[in-house]
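One letter stands for each residue in the lines below.
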Amino acid sequence: QVQLVESGGGLVQPGGSLRLSCAASGSISSIGVMGWYRQAPGKQRELVARIISGSNTVYEDSVKGRFTISRDNAKNTVYLQMNNLKPEDTAVYYCYASARPSSSWSYRDYWGQGTQVTVSS
């Protein structure tokens with residue numbers, strides 16, 4: 001019913017930048033929270049950033065000042081601009097959305113397939 005497709009991951013040197021995108025598609029009535037999580041090898045999945053509206057954002061402490069989350073409601077898309085990347089940012093990044101499909105009266109959680117971000121020299 002609702003699909004999330006991520007793009008923009010890859011290999012970057014320390015100090016470099018990447019921009020992740022995640023587009024939601026399908027029969028969607030509305031989308032609430034959108035965000036990004038990441039999971040490094042041997043670690044639990046953790047919140048990176050989430051956004052409800054332009055000024056209503058939350059960031060994990062280690063990415064504050066380096067990452068910026070934004071969304072384009074007309075395109076049902078959320079972005080994560082990542083600057084000054086560090087090796088410890090290496091992980092699989094997952095897009096998340098709380099969305100209400102057209103066939104339902106309730107919101108449900110949806111996840112993307114994940115995109116690899118590797119920060120290494």
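The structure this text deals with has already been given above.
Residues numbered from 1 in each chain as written. Predicted model: local features only at pLDDT ≥ 70, side-chain atom pairs only at ≥ 80, totals over all residues. Heavy atoms only, no water.

J.: Sorry, what's going on with the overall build of the chain here?
T.: Scanning the chain from N- to C-terminus turns up 0 helices and 11 strands. Listing every helix and strand of the chain by position from the N terminus yields β-β-β-β-β-β-β-β-β-β-β. With respect to the principal axes defined by its C-alpha atoms, the chain has extents near 45 × 30 × 25 Å. Going through the 121 residues of the chain one by one, you find that 41% of them count as buried. Of the accessible surface of the chain, which amounts to about 6,300 Å², a share of 46% is contributed by carbon and sulfur atoms. The positive charge centre, built from 12 side chains, and the negative charge centre, built from 8, are 5 Å apart in the chain. (Helix = DSSP H or I, 4+ residues; strand = E, 2+ residues; numbered from the N terminus. Buried < 20%, exposed > 50% of the residue type's maximum accessible area, 1.4 Å probe, protein only. Areas by Shrake-Rupley, 256 points an atom, 1.4 Å probe, with all protein chains shown as cover. Lys, Arg positive; Asp, Glu negative; His and termini not counted. Charge placed at Lys NZ, Arg CZ, Asp CG, Glu CD.)

J.: What's the story with the pattern of salt bridges in this structure? I'm lost.
T.: If charged atoms from side chains of opposite charge come close, those side chains can pair. For the structure shown, the criterion picks out 5 salt bridges. Linking Glu 46 and Arg 38 is a salt bridge whose minimum nitrogen-to-oxygen distance equals 2.8 Å. Given the relative accessible area of 32%, Glu 46 is considered partly exposed. Among the salt bridges present, the one from Arg 66 reaches Asp 89, with a minimum N-O distance of 2.8 Å. A residue pair is termed long-range when its members are at least 10 positions apart, and Arg 66 in the loop between β6 (56-59) and β7 (67-72) and Asp 89 in the loop between β8 (77-82) and β9 (91-101) qualify at 23 residues. This pair shows no difference in class: Arg 66 is buried, exactly as Asp 89 is. One salt-bridge network, in which partners are shared between bridges, spans Arg 38, Glu 46, Glu 60, Arg 66 and Asp 89. (Salt bridge = Lys/Arg side-chain N within 4 Å of Asp/Glu carboxyl O.)

J.: Explanation requested: the sheet that holds β7 in the structure shown.
T.: Within a sheet, neighbouring strands are paired by backbone hydrogen bonds and run either parallel or antiparallel to one another. Pairing in this open sheet of 4 strands is antiparallel, and the strands run β1-β3-β8-β7 from one edge to the other. In this open sheet, the two edge strands, each paired with only one partner strand, are β1 (2-7) and β7. Each neighbouring strand pair of the sheet contributes to a mean axis angle of 15°, computed without reference to strand direction. With 6 bridges joining them, strand β3 (residues 18-26) and β8 adopt antiparallel strand pairing. For Ser 21, the partnering residue across the bridge sits in β8 and is Tyr 79. (Pairing = 2+ DSSP bridges. Axes fitted to C-alpha atoms, helices over the stretch in contact; angles between N-to-C directions.)

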